[in-house]
Number of protein chains: 2
Amino acid sequence: MPQGEVTSGRRGKARSSRSVPSLQGLTEMAARERAYHDLRYRILTGRLAPGTTLLETELAALLALSRTPVREAVIKLEEEGLVEVRPRHGVTVKALSLQDFANILDVFSALEIRAFELSAERGLSPEQARLLDRMVEDMETATANGDIARWSDLDDEFHSEVVALCGNQRLQTALNAFWAQQYRARMMILPLRPLPEDSNAEHRAVLEALKLGDRALTRERHSAHRDRADKQQLALLRRSLGSSGLA
Amino acid sequence: MPQGEVTSGRRGKARSSRSVPSLQGLTEMAARERAYHDLRYRILTGRLAPGTTLLETELAALLALSRTPVREAVIKLEEEGLVEVRPRHGVTVKALSLQDFANILDVFSALEIRAFELSAERGLSPEQARLLDRMVEDMETATANGDIARWSDLDDEFHSEVVALCGNQRLQTALNAFWAQQYRARMMILPLRPLPEDSNAEHRAVLEALKLGDRALTRERHSAHRDRADKQQLALLRRSLGSSGLA
DNA sequence: TCCCGCGCCAATGTATACATAAGCCGACCG
DNA sequence: CGGTCGGCTTATGTATACATTGGCGCGGGA
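In this text, all values refer to a predicted model and were calculated from it rather than measured experimentally.

Student: Could you give an account of the interface of chain B and chain A, with specific residues and numbers?
Tutor: Taken together, the contact pairs 30 residues of chain B with 30 residues of chain A. Taking both sides of the interface into account, the surface hidden between chain B and chain A amounts to around 2800 Å²; carbon and sulfur atoms contribute 47%. It is B:Glu79, B:Arg114 and B:Arg170 that lose the most area in chain B upon contact with chain A, and together they represent 28% of the buried surface on that side. Taken together, the links from chain B to chain A amount to 6 salt bridges.

Given below as structure tokens:
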């Protein structure tokens, strides 16, 4: 659970709340934070492959820290479900089975749908509506250009932006934790994805419902979107690996 | 996030997964676990009132431990949203505003509804159906006897039992975390609750849908149940305290 | 050759020591 | 008299030291 960037500004903008990329200020960070972000980054990007097992000592050496902050970081990662700690055997990067991934998507979708509902209920300001409109357009452009990676980023941003409007900080926090877990698998199947024509249409429909402030309609449409998208992702994953753990 | 009791048996029975009461084996437990459970217990039961602030040193003294395991426990409690750590000011038991409570219920309900859906999809075995039937009957008996406390316990068990059938461990874990948070407020308003005639009828309806294995129907009915129950709880809370933090 | 049991080693869990830096109070200056 | 600057105190964050316990391998016996 990554807490808010620096100090106050909880509710505020916090544009790109989902944080994998780049680890900008990796240095000059508190040791525990550094360990947490660094390890999380390595896991999400696959630099620490699932199944990898390291001793606390090794992790500490790897990060040039003592065991104390590393342990604390590991506790957080364990709560997030990214690693498993087996008392005499070190910490292992969890491998996600297809079943695990399905479970994660289930939780993630349930939460995200609720977040969308709440956002609909609160209503969009004109600027928010415009911003989201632009995002949908950008996604369509990316699709037209066949730029799936860019589309995927925008998709993330779109969902994340709507979630940010829901006004429930706890919901956002929970979503972030589960988002991290699905991210790994998402990246795996990226190149396999077909052009997301369906998603684009669904996004438009959902955004329409959001603009109307119609909670029930938003739920219905976003629910449909997630169901289809989740099923598609699972199918791709199943294809891309037998059904074993994934790298 | 309390991990599974001892070792394996993840999927298994795990009857009363929700654990506040009694702290049976408080002694002879690992220090970190002890600290975690002990503090959690004190917070949930109100022995550590919201707003209470203690230094790490004081907590350590309180539990007769060194700071290390206490810190680790505190990290977990912070992730769970039960305490707040302000670097030079100690750890504070979070006070729940009405808004916080509403947020918690929102997340909790979203997750629980999904869990019920999944359970419906998987279907109930005859024994499971019978067990749940008996629980509903017991609740009705408790209502008839005006024993609200017992009813509340059974209600918890009923929900928890259905959730346990959903087959998604991550979902269960997330639910447990949020369950802890709503528990505090639940206990506060217990004496104010009217006899839960509505809930009993709704339970029957939901159970009926579960037995049919009808996912959509289950979602609809349980969703209705949660909406009404949540609104009622919020109303009671609002009545019972202005709108400030709660003890 | 296979199985059982003992003993060593090392990884973790806990305690403690130490450095850092933030808050607070007092004093001094305007 | 009020405000601000500076130093002290102390809570935290990190490192390290220490004890425990469980795993694993080796040896002996069947």
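Student: So, the packing of helix H6 (residues 148–164) of chain A against helix H8 (residues 197–212) of chain A: which residues are in play, and what are the values?
Tutor: Residues and elements named next belong to chain A. Between H6 and H8, the shortest axis-to-axis distance is 13 Å and the interhelical angle comes to 20 degrees. Relative to H8, the element H6 is oriented roughly parallel. You can see that H6 and H8 cross each other, and the crossing is left-handed. Contacts from Trp151, Asp155, Phe158, His159 and Val162 in H6 reach Ser199, Asn200, His203 and Leu210 in H8.

Student: Give me the relation of the copies chain B and chain A: which residues, what numbers.
Tutor: The operation relating chain B to chain A is a screw motion whose rotation component is 180 degrees, with 0.0 Å of axial translation and a residual RMSD of 0.0 Å. The two molecules are tied by a two-fold rotation axis, judged by turn and shift.

Student: Kindly report on the sheet that holds strand S1 (residues 53–54) of chain B, identifying the contributing residues and their values.
Tutor: Residues and elements named next belong to chain B. Strand order in the open sheet made by the 3 strands is S1-S3-S2, with antiparallel pairing throughout. Strands at the two margins of the open sheet, each flanked by one partner only, are S1 and strand S2 (83–86). Summarising the sheet, S1 and strand S3 (residues 90–93) pair through 2 bridges and their orientation is antiparallel. Bridging across to S3, Thr53 finds its partner in Thr92.

Student: Mind laying out the protein's contact with DNA strand C, listing which residues take part and the relevant values?
Tutor: What surrounds DNA strand C is a group of 17 residues, the closest being A:Arg67, A:Arg71, A:Pro87, B:Ala31 and B:Ser66. Of everything in DNA strand C that lies within 4 Å of the protein, sugar and phosphate atoms constitute 57%. In this structure, a base nitrogen belonging to DNA strand C sits 2.8 Å away from a side-chain N or O atom of A:Arg88. Contacts to DNA strand C include B:Ala31, whose backbone N or O atom sits 2.5 Å from a phosphate oxygen.

Student: Residue-level account of the pattern of salt bridges, with values.
Tutor: Residue and element names in this part refer to chain B. One pass over the structure, following the stated rule, counts 37 salt bridges over all chains. Taking the shortest distance from any N to any O, the salt bridge between Glu72 and Arg32 comes out at 3.3 Å. Note that Glu72 is positioned in helix H3 (residues 67–79) and Arg32 in helix H1 (residues 31–44), a separation of 40 residues in sequence. Overall, the relative accessible area of 26% leaves Arg32 in the partly exposed class. A salt bridge links Glu140 to Arg204; the nearest nitrogen and oxygen atoms lie 2.8 Å apart. Taken together, the residues span a long stretch of sequence, with Glu140 in helix H5 (residues 126–144) and Arg204 in helix H8 (residues 197–212) at a distance of 64 residues. Its relative accessible area of 28% is what places Glu140 among the partly exposed residues.

Student: So what's going on with the protein's contact with DNA strand D? Which residues, and what values?
Tutor: As a structural note, the neighbourhood of DNA strand D is formed by 17 residues, with A:Ala31, A:Ser66, B:Arg71, B:Pro87 and B:Arg88 the closest of them. Each atom of DNA strand D within 4 Å of the protein was classed as base or backbone; sugar and phosphate made up 57%. Within the side chain of B:Arg88, one N or O atom sits 2.6 Å away from a base nitrogen of DNA strand D. Of all the elements in the fold, those that place two or more residues in the surface near DNA strand D are helix H1 (31–44) and helix H3 (67–80) of chain A together with H3 of chain B. With 3 residues, H3(A) is the single largest residue contributor to the surface near DNA strand D. For the surface near DNA strand D, the per-class residue count stands at 6 nonpolar, 4 polar and 7 charged.

Student: Give me the packing of helix H7 (residues 169–189) of chain B against helix H9 (residues 215–240) of chain B: which residues, what numbers.
Tutor: When two helices pack together, their arrangement is given by the angle between their axes and by how far apart the axes lie. Residue and element names in this part refer to chain B. One way to put it is that H7 packs onto H9 with a least axis distance of 10 Å and a crossing angle of 65 degrees. Handedness of the H7/H9 crossing: left-handed. Here H7 contributes Gln182, Ala185, Arg186, Met188 and Ile189 to the contact with H9, which in turn contributes Arg226, Gln233, Leu236, Leu237 and Ser240. When its residues are assigned to classes, the contact of H7 with H9 shows 5 nonpolar, 3 polar and 2 charged.

Student: Run through the sheet that holds strand S2 (residues 83–86) of chain A, naming residues and quoting values.
Tutor: All names here are of chain A. The strand order across the open sheet built from 3 strands is S1-S3-S2, with neighbouring strands paired in antiparallel fashion. The outermost strands of the open sheet, each flanked by one partner alone, are strand S1 (53–54) and S2. Pairing geometry for S2 and strand S3 (residues 90–93), over 4 bridges, is antiparallel. By the bridge assignment, Val85 is partnered in S3 with Val91.

The rules behind the values
- Residues numbered from 1 in each chain as written.
- Chains lettered and ligands numbered in written order.
- Predicted model: local features only at pLDDT ≥ 70, side-chain atom pairs only at ≥ 80, totals over all residues.
- Heavy atoms only, no water.
- Contact = heavy atoms within 4.5 Å.
- Buried area = accessible area lost by both parts, 1.4 Å probe.
- Salt bridge = Lys/Arg side-chain N within 4 Å of Asp/Glu carboxyl O.
- Axes fitted to C-alpha atoms, helices over the stretch in contact; angles between N-to-C directions.
- Helix = DSSP H or I, 4+ residues; strand = E, 2+ residues; numbered from the N terminus.
- Parallel < 35°, antiparallel > 145°, perpendicular 65-115°, else oblique.
- Left-handed = near helix turned anticlockwise from the far one by under 90°.
- Least-squares fit on C-alpha atoms with pLDDT ≥ 70 in both.
- Pairing = 2+ DSSP bridges.
- Near = heavy atom within 4 Å.
- Polar contact = N/O pair within 3.5 Å; in protein donor to acceptor, adjacent residues only side chain to side chain.
- Buried < 20%, exposed > 50% of the residue type's maximum accessible area, 1.4 Å probe, protein only.
- Nonpolar A, V, L, I, M, F, W, Y, C, P; charged D, E, K, R; others polar.

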